[in-house]
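Each chain is listed here by its residues.
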Amino acid sequence: MIHVTCDLCGQMIEEPKNHYRVEIEIFAMEQNSPMVEEDLDQDNLEHIAMLISDPDTIEPLPALTKAKYDLCPKCTERFQRNPLSREADSSVNFSNN
Ligand SMILES: [Zn+2]
């Protein structure tokens with residue numbers, strides 16, 4: 001029997017129905033999105049031409065990053081509500097005074 005532990009809270013996940021998988025993929029949009037008409041405007045073409053003519057200006061391309069996490073139901077729910085772990089701001093209200 002395979003035992004899986006939650007990657008967030010470390011709790012043992014004993015039943016497959018309690019086992020959730022989160023997959024995160026990070027990639028640069030420039031490399032993977034199909035070219036749209038907006039990309040073809042003159043400024044952009046000039047920019048691309050500049051990049052091609054001067055290789056020194058090309059920054060290293062970020063590597064494709066994939067990550068997989070095993071989560072328990074509790075952590076899955078928390079992740080779904082706040083996938084980027086942003087601070088909850090509902091309790092903080094700046095006044096104008
Ligand atoms: Zn968990």
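Quick caveat: nothing in here was measured; it's all calculated off a predicted structure.

Undergrad: Whenever I open this one, the environment of Val4 confuses me. Can you help?
TA: On the secondary structure map, Val4 appears in strand 1 (residues 4-5). When the C-alpha atoms of Val4 and Glu15 are compared, they prove to be 9.0 Å apart, with 11 residues separating the residues in sequence. Contacts of Val4, omitting those with residues within four sequence positions, involve Gln11, Met12, Ile13, His19 and Asp70.

Undergrad: How do you make sense of the environment of Phe27 when you look at a structure like this?
TA: Checked against the element boundaries, Phe27 lands in the loop between strand 3 (20-26) and helix 1 (29-32). On a C-alpha basis, the gap between Phe27 and Lys66 in space is 8.7 Å, while along the polypeptide they are 39 residues apart.

Undergrad: Which parts of the structure should I look at to understand the pattern of salt bridges?
TA: Pairing between side chains of opposite charge can happen when the charged atoms of each approach one another. Per the counting criterion, the structure on display carries three salt bridges. Between Glu15 and Lys17 there is a salt bridge, with the nearest N and O atoms lying 3.8 Å from each other. Accessibility expressed as a relative area gives 40% for Glu15, which makes it partly exposed.

Undergrad: Even after reading the chapter, I still don't get the coordination of the zinc ion, so can you show me in this structure?
TA: For a metal with four tetrahedral donors the ideal donor-metal-donor angle is 109.5 degrees, whereas six octahedral donors ideally subtend 90 or 180 degrees. Only Cys6 (SG), Cys9 (SG), Cys72 (SG) and Cys75 (SG) from the protein coordinate the zinc ion, and they sit 2.2 to 2.3 Å from it. For the zinc ion, the four donor atoms in the first shell make angles of 105 to 117° at the metal, a pattern classed as tetrahedral. The exposure class of Cys9 is partly exposed, given its relative accessible area of 41%. You can call Cys72 buried: its relative accessible area is 2%.

Undergrad: Can you walk me through unusual backbone geometry in this structure?
TA: Trans is the prevailing form of peptide bonds, just as negative phi is the prevailing case for residues other than glycine. With phi around 50°, Ser85 is a residue other than glycine that occupies positive phi space. Of note, Ser85 is situated in the segment after helix 3 (73-81). By relative accessible area, which is 60% here, Ser85 ends up exposed.

Undergrad: Would you explain the side chain of Asp70 in this entry?
TA: With respect to the helices and strands, Asp70 occurs in strand 4 (residues 65-71). Its relative accessible area of 15% is what places Asp70 among the buried residues. There is a polar contact of 2.8 Å between the side chain of Asp70 and the side chain of Arg21. Among residues more than four places away in sequence, those in contact with Asp70 are Val4, Thr5, Cys6, Asp7, Ile13, His19, Tyr20 and Arg21.

The rules behind these values
- Residues numbered from 1 in each chain as written.
- Predicted model: local features only at pLDDT ≥ 70, side-chain atom pairs only at ≥ 80, totals over all residues.
- Heavy atoms only, no water.
- Helix = DSSP H or I, 4+ residues; strand = E, 2+ residues; numbered from the N terminus.
- Contact = heavy atoms within 4.5 Å.
- Salt bridge = Lys/Arg side-chain N within 4 Å of Asp/Glu carboxyl O.
- Buried < 20%, exposed > 50% of the residue type's maximum accessible area, 1.4 Å probe, protein only.
- Donors = N, O, S within 2.8 Å, 3.2 Å for Na, K, Ca; no water.
- Tetrahedral: all angles 85-135°; square planar, octahedral: opposite > 155°, others 65-115°.
- Polar contact = N/O pair within 3.5 Å; in protein donor to acceptor, adjacent residues only side chain to side chain.

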